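# Architecture at a glance
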Amino acid sequence: MSNFVNLSIFENYQKYIDNEQEIREKIRLMVRKIEQNTKEAAIQLQIIHCDLSKIDNACEKARKTIAACSENYQSLSELIPIGQYYRYSDHWTYITQRLVFIIAMVVYLEAGFLVTRETVAEMLGLKTNQADGFHLDIEDYLMGILQMASELSRFATNSVTLGDYDRPLHISRFMANLNAGYRLLNLKNDGLRKRFDALKYDVKKIEEVVYDISIRGLKNITNEATDETSNKETEENYSSTNAVGTVENI
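Conventions and cut-offs
Here the residue numbers are simple positions, counted from 1 along each chain's written sequence. This being a predicted model, a pLDDT of at least 70 is required before a residue's local features are given, and a value of 80 or more before pairs of side-chain atoms are given or counted; all residues contribute to the totals for chains, interfaces and linings. Hydrogens and water are ignored here; the side-chain numbers use all heavy atoms of the structure. For Phe, Tyr and Trp, rings pair up if their centres lie within 6.5 Å, where Trp contributes its six-membered ring, and each pair is then called stacked (planes under 30 degrees apart), edge-to-face (over 60) or tilted (otherwise). The buried label goes to any residue with under 20% of its type's maximum accessible area, the exposed label to any with over 50%, and the partly exposed label to all in between, with areas taken from a 1.4 Å probe on protein chains only. For our purposes a nonpolar core is just a set of buried Ala, Val, Leu, Ile, Met, Phe, Trp, Tyr and Cys residues, chained together by side-chain atoms within 4.5 Å. Numbering of helices and strands runs from the N terminus; a helix is a DSSP stretch of H or I covering at least four residues, while a strand is a stretch of E covering at least two. Residue contacts are counted whenever heavy atoms from the two residues lie within 4.5 Å of one another. The rule for a salt bridge is simple: a side-chain nitrogen of Lys or Arg has to be within 4 Å of a carboxyl oxygen of Asp or Glu. All axes are obtained by fitting lines to C-alpha atoms, using only the stretch in contact for helices, and the reported angles, taken between N-to-C directions, cover 0 to 180 degrees. In these notes the angle categories are as follows: under 35 degrees is roughly parallel, over 145 is roughly antiparallel, 65 to 115 is roughly perpendicular, and the rest is oblique. A clockwise turn of the near helix away from the far one marks a right-handed crossing, whereas an anticlockwise turn of less than a right angle marks a left-handed crossing. Residue polarity is assigned by list, with Asp, Glu, Lys and Arg as charged and Ala, Val, Leu, Ile, Met, Phe, Trp, Tyr, Cys and Pro as nonpolar; anything else, Gly included, falls into the polar class. When charges are counted, Lys and Arg contribute as positive and Asp and Glu as negative, whereas His and the chain ends are disregarded. In the analysis that follows, any N or O atom pair within 3.5 Å is treated as a polar contact, provided that within protein one partner can donate a hydrogen and the other can accept it, and provided that, for residues neighboring in sequence, both atoms belong to side chains. UniProt positions are given in the numbering used here, feature names are shortened, and annotations may be inferred rather than shown by experiment. Expected helix span is computed as 1.5 Å times (number of residues minus one). Put plainly, a pocket is an open set of points on a 1 Å grid over the protein atoms alone with protein on both sides within 12 Å along at least five of seven lines, a cavity is a set where a 1.4 Å probe fits but cannot get out, and a lining residue has an atom within 4 Å of a point. Grid points are joined across faces, edges and corners, and a volume is the space filled by probe spheres set on the points. Put simply, a patch holds well-exposed residues, over 30% relative accessible area, that have no salt bridge, with like charges counted together within 9 Å and Val, Leu, Ile, Met, Phe, Trp or Tyr side chains within 5 Å. Exposure was quantified through the Shrake-Rupley algorithm and a 1.4 Å probe, taking into account, for residues, occlusion by the shown protein chains and nothing else.

### Observations concerning the packing of aromatic side chains
- For the structure shown, the criterion picks out seven aromatic pairs.
- A ring pair is formed by tyrosine 85 and tyrosine 86, whose centres lie 4.9 Å apart and whose planes are at 80°; its orientation type is edge-to-face.
- The class of tyrosine 85 is buried, set by a relative accessible area of 8%.
- Joined through ring pairs, the aromatic side chains of Tyr73, Tyr85, Tyr86, Trp92 and Phe134 make up one cluster.

The structure is reproduced here in structure tokens:
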């Protein structure tokens, strides 16, 4: 009786499986390095919730850690076969979102405006165009910014506890603009949409903080009229080149 199964076929399949597992293991090891650096940066930024005088120092330390992540992303990109970014992207999606959050938080603390996807990508050594290979996915950027919104909500509350009654007012205006921006997007019923739904609670929490400051007479209205103009000038001076250059020059 003839053998209708060519067993050599399965040997080739096993080679494919072994190669796939080897690639994924190398990816996991590199992602762990990025994850460790990300944790360090997050820890460094936690000081802002208990000591406002150390914000600049915390941002400087976080930038150094971000620079290390950029080197690791370069090594990670070399492990990914051409055209197979999304085949393996589940390994680094979450940690990339966390890094977007950290970078966005640093830029906001330093300059008071929303960092662009292009600047984040450049700081991490990534591309923005999918056709170029290893890139910063738009959804990862948007998710990271929403994580920053939650952190700002917490920061606004802690700023009042630390005696800074002006900061929550700035954060409130920033969050209102951020919320308006996300509402321009036609988000589907997925993880990003669910995460966006939580933004309204972050906005509401900050509005409650601002309300308490107002009714207690702690609101400083002296500089409110010039805030918007000042923020625009700051954003112009704090260009993406400057943001990236600061990292590279550390």
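Alright, that's what it looks like, and here's the rest.
### Here we look at the nonpolar core
- Within the largest apolar cluster, 66 residues are counted, with the highest numbers of intra-cluster contacts made by Trp92 and Met175.
- If you tally residues by element for this core, the top one is helix H4 (residues 93–111), at 13 residues.
- With sequence-adjacent residues up to four places away left out, methionine 175 is seen in contact with Ala149, Leu152, Leu199, Asp202, Val203 and Ile206.

### Regarding the pattern of salt bridges
- In total, this model carries nine salt bridges according to the counting rule given.
- Among the ionic pairs, arginine 24 bridges to glutamate 20, the shortest N-O distance being 3.1 Å. Pair noted here: arginine 24 and glutamate 20 are both in helix H1 (residues 8–45), with a separation of four residues, about one helical turn.
- Of the residues examined, glutamate 20 reaches a relative accessible area of 13% and is grouped as buried.
- Of the charged contacts in the structure, one is a salt bridge between arginine 193 and aspartate 197, with a shortest N-O distance of 3.4 Å. Residue arginine 193 and its partner aspartate 197 are located together in helix H8 (residues 191–197), separated by four residues, close to a single helical turn.

### Considering the packing of H1 against H4
- In contact at an axis separation of 10 Å, H1 and H4 are set at 30° when each is read in the N-to-C sense. Here H1 is positioned roughly parallel relative to H4, judged by the angle of their axes. Crossing of H1 over H4 shows left-handed handedness. Here H1 contributes Val31, Ile34, Glu35, Thr38, Ala41, Ala42 and Leu45 to the contact with H4, which in turn contributes Ile95, Arg98, Leu99, Ile102, Met105, Val106 and Leu109.
- Of the residues belonging to the contact of H1 with H4, the class tally is eleven nonpolar, one polar and two charged.

### A look at the side chain of arginine 117
- You can see arginine 117 is positioned in helix H5 (residues 117–124).
- For the buried residue arginine 117, which engages in no salt bridge, the nearest side chain bearing the opposite charge is glutamate 118, 4.7 Å off.
- A polar contact is formed between the side chain of arginine 117 and the backbone oxygen of threonine 128, at a distance of 2.6 Å.
- Beyond its immediate sequence surroundings of up to four residues, arginine 117 is in contact with Thr128, His135, Leu136, Asp137, Ile138 and Tyr141.

### Some remarks on the UniProt feature "binding site: Mg(2+)" (unreviewed entry) in the protein chain
- Using the residue numbers shown here, the UniProt feature "binding site: Mg(2+)" (unreviewed entry) corresponds to Glu151.
- Note that glutamate 151 resides in helix H6 (residues 138–161).
- What glutamate 151 contacts, discounting residues up to four positions off in sequence, is Gln46, His49, Phe101 and Met105.

### Regarding helix H7 (residues 167–183)
- In this model H7 runs 24 Å from its N-terminal to its C-terminal C-alpha over 17 residues, within 8% of the 24 Å that 1.5 Å per residue would give.
- Among the residues of H7, Pro168, Leu169, Ile171, Ser172, Phe174, Met175, Leu178, Asn179 and Tyr182 are the ones counted as buried.

### Remarks on the layout of surface pockets
- Estimated volume of the second largest pocket: approximately 230 Å³.
- As for the second largest pocket, its lining consists of 13 residues, and the residues nearest its centre are Ile82, Gly83, Gln84, Gly133 and Phe134.

### Comments concerning H1
- Here H1 spans 56 Å end to end across 38 residues, near enough to the 56 Å set by a 1.5 Å rise per residue.
- Those residues of H1 that sit buried are Glu20, Ile23, Ile27, Met30, Val31, Ile34, Asn37, Thr38, Ala41, Ala42 and Leu45.
- Where H1 is buried, its residues meet helix H2 (55–77), helix H3 (85–88) and H4.

### Some remarks on a nonpolar patch on the surface
- Nonpolar side chains collect at one region of the surface, where Leu7, Ile9, Phe10 and Tyr13 lie side by side and expose about 440 Å² of accessible area between them.
- Here isoleucine 9 is to be found in helix H1.
- Judged by its relative accessible area of 37%, isoleucine 9 falls in the partly exposed class.

### Points about the side chain of asparagine 37
- Mapped onto the elements of the fold, asparagine 37 is located in helix H1.
- Its relative accessible area of 13% is what places asparagine 37 among the buried residues.
- Dropping the residues within four chain positions of it, asparagine 37 is found in contact with Thr65, Ala68, Cys69 and Asn72.

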